[in-house]
Amino acid sequence: MIRRRTAAGFSALLLMLSACGKPAPDLPNDAYVWQRRWTPAVQEALSASADAVRAWRVLIAEMSADGRWFDAAPDLAALVAARRPVIMVWRLDGRVDALNVEDTAARIATASHAWRAAGITPAGVEIDYDCATSKLPAYRKFLTALKSRMGSDSALSITALPTWLNSPELDALLNVPDEAVLQVHAVLNPTQGLFDGKRAQSWLDAFAEHTRKPWRVALPAYGSRVAWDDEGRVAAIESEQPALRPGGRASELVVAPVAMAAFVDQIHQSRPRGLAGIVWFRLPTARDERAWSLATWRAVLTRQPLQPALRVDAQAVAEGGSQDLVLSNTGNADGALPFIVRWNGACRGADGINGYTLERDDAGQYLRRAQDGLLRVGSQRQIGWIRCDTPPTTFHVQP
């Protein structure tokens, strides 16, 4: 009997140790559906991605800086068909000072009733208010009043900014909603790019010390184009909607899928306390030129190996010997445009186009990337032309 009890106890101990040694499950993926107009491309992307997404966070309306509301037009039938929880997102311009609790609560109630009538029970409400740190006390009062009007059966989520981390008001603010989504993608300074992994990791670690509730991190799956005026000030930021002004200079800010996949692996290996999931901004579509391809996004979500394969080929275009230089991606993931493209032939004429310029050094002529960007899976881009006495036999692509 004693031996049996000892053996049973030893087996239970082994099971406990085995369970403790199991890796934590992958963080679930949510996605923001931020499109104002739901085109067939949005509907197709929603349907094709539902199996990889835990929940949709759908933009339903936004308030402008002058306090006016603008409604988005989500396709409720498409959301019903996707069979995933849906969270309503209400975006309030951070420049708005006075937030009207009664008006906001009434709008949420009206929209919730319409959604339920269409067959959707909202899984929660998210408030996206990118305000200055000085407004956090007033924002906390607004959220407290709003939550009391929503009822205990409706979860409240908010987005949070890294700039709030130094505020003594942050802990009290985060104690109000049921969860928060920390944004680590933003144009804080266009010269610093759209995303920095080391900076983002430090923000995650710091945020974990400020909340005892579940929270998520918002990661980018898109690019932006930033334009400066003649005095060096940011004039416009173009992402999902055209916003550029003529004149000045512009720069493309991109996040390479390979780099983002590495960051996802990193936070899985060293998961900050309380981190409950990832929210991707934004759902890519076939028509969204600055977002990743849908295939690449799915590969990152499911943590599949990413292998972009960029190559350059010369294609004859005229009897005079001119050849177009065409960059193609035959891999399984979008790839960052190569920094330098060289060839081994003796050419009497050449030039770069579509974001590439012709340069020369001791090794000869080459094309240099002048504008960052991504080349989608299966896509091609003409990056220049050459006219050579001895046609090149090989091209060298340098990341």
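Note that the structure is a prediction, hence the values are computed from the model and not measured.

For the rest of this paragraph, the subject is the overall build of the protein chain. In terms of helices and strands, the protein chain carries 9 helices and 22 strands. A burial count over the protein chain gives 47% of its 399 residues as buried. Partitioning the contacts of the protein chain with sequence separation of at least 6, the portion at a separation of at least 24 is 72%. Put simply, the protein chain shows about 19800 Å² of open surface, and 50% of that area lies on carbon and sulfur atoms.

Read from one edge of the open sheet, 4 strands run β18-β19-β16-β22, paired in antiparallel fashion. A single partner strand is all that each edge strand has here, and the edge strands are β18 (356–361) and β22 (395–398). Taking each pair of neighbouring strands and ignoring which way they run, the sheet shows an average axis angle of 25 degrees.

Bringing the confidence of the model for the protein chain into the picture now. For the protein chain, the average pLDDT comes to 88, and 85% of its residues sit at 70 or higher. Confidence drops under pLDDT 50 across residues 1–8; counting only partners more than four residues distant or on other chains, this segment forms 0 contacts. Per-residue pLDDT stays below 50 along residues 10–15; that stretch engages in 0 contacts with residues further than four places along the chain or on separate chains.

Turning our attention to the side chain of glutamine 35. Within the fold, glutamine 35 resides in the loop between β1 (29–33) and α2 (40–49). When its relative accessible area of 11% is taken as the criterion, glutamine 35 is described as buried. Setting aside chain neighbours within four positions, we find glutamine 35 in contact with Val42, Leu283, Thr285 and Asp288.

Below, the discussion takes up the packing of α2 against helix α9 (residues 294–301). Here α2 crosses α9 at 30 degrees, and the two axes come no closer than 11 Å. Here α9 runs roughly parallel to α2, going by the angle between their axes. By crossing handedness, the relation of α2 to α9 is classed as right-handed. Two secondary-structure elements touch here, α2 through Ala45, Ala48 and Ser49 and α9 through Leu294, Trp297 and Arg298.

This brings us to unusual backbone geometry. Residue phenylalanine 281 is joined to arginine 282 through a cis peptide bond whose omega torsion reads 5 degrees. Structurally, arginine 282 is set in the loop between β12 (275–281) and α9. The residue arginine 83 is not glycine, and still its phi comes out positive at about 55 degrees. Here arginine 83 shows up in the loop between α3 (76–82) and β4 (86–92). The class for arginine 83 is exposed, based on a relative accessible area of 70%. A positive phi angle, close to 60 degrees, is found at arginine 303, a residue other than glycine. Locating arginine 303 in the fold gives a position in the loop between α9 and β13 (310–316).

Its 12 residues give helix α7 (residues 197–208) an end-to-end C-alpha distance of 17 Å, which sits within 8% of 16 Å, the value for a rise of 1.5 Å per residue. If you check which residues of α7 are buried, you get Ala200, Gln201, Trp203, Leu204, Phe207 and Ala208. Seen along its axis, α7 keeps its buried residues to an arc of 160 degrees; they face one direction. Looking at the buried side of α7, the elements it contacts are β6 (156–160), α6 (170–174), β7 (179–183), β8 (215–220) and α8 (257–269). Two or three places before lysine 198, at the start of α7, stands the capping residue aspartate 196, its side-chain oxygen 3.2 Å from that residue's backbone nitrogen.

Criteria and cut-off values
Residues numbered from 1 in each chain as written. Predicted model: local features only at pLDDT ≥ 70, side-chain atom pairs only at ≥ 80, totals over all residues. Heavy atoms only, no water. Helix = DSSP H or I, 4+ residues; strand = E, 2+ residues; numbered from the N terminus. Buried < 20%, exposed > 50% of the residue type's maximum accessible area, 1.4 Å probe, protein only. Contact = heavy atoms within 4.5 Å. Areas by Shrake-Rupley, 256 points an atom, 1.4 Å probe, with all protein chains shown as cover. Pairing = 2+ DSSP bridges. Axes fitted to C-alpha atoms, helices over the stretch in contact; angles between N-to-C directions. pLDDT = per-residue confidence, 0-100. Parallel < 35°, antiparallel > 145°, perpendicular 65-115°, else oblique. Left-handed = near helix turned anticlockwise from the far one by under 90°. Expected span 1.5 Å × (residues − 1). Arc of directions from axis to C-beta. Polar contact = N/O pair within 3.5 Å; in protein donor to acceptor, adjacent residues only side chain to side chain.

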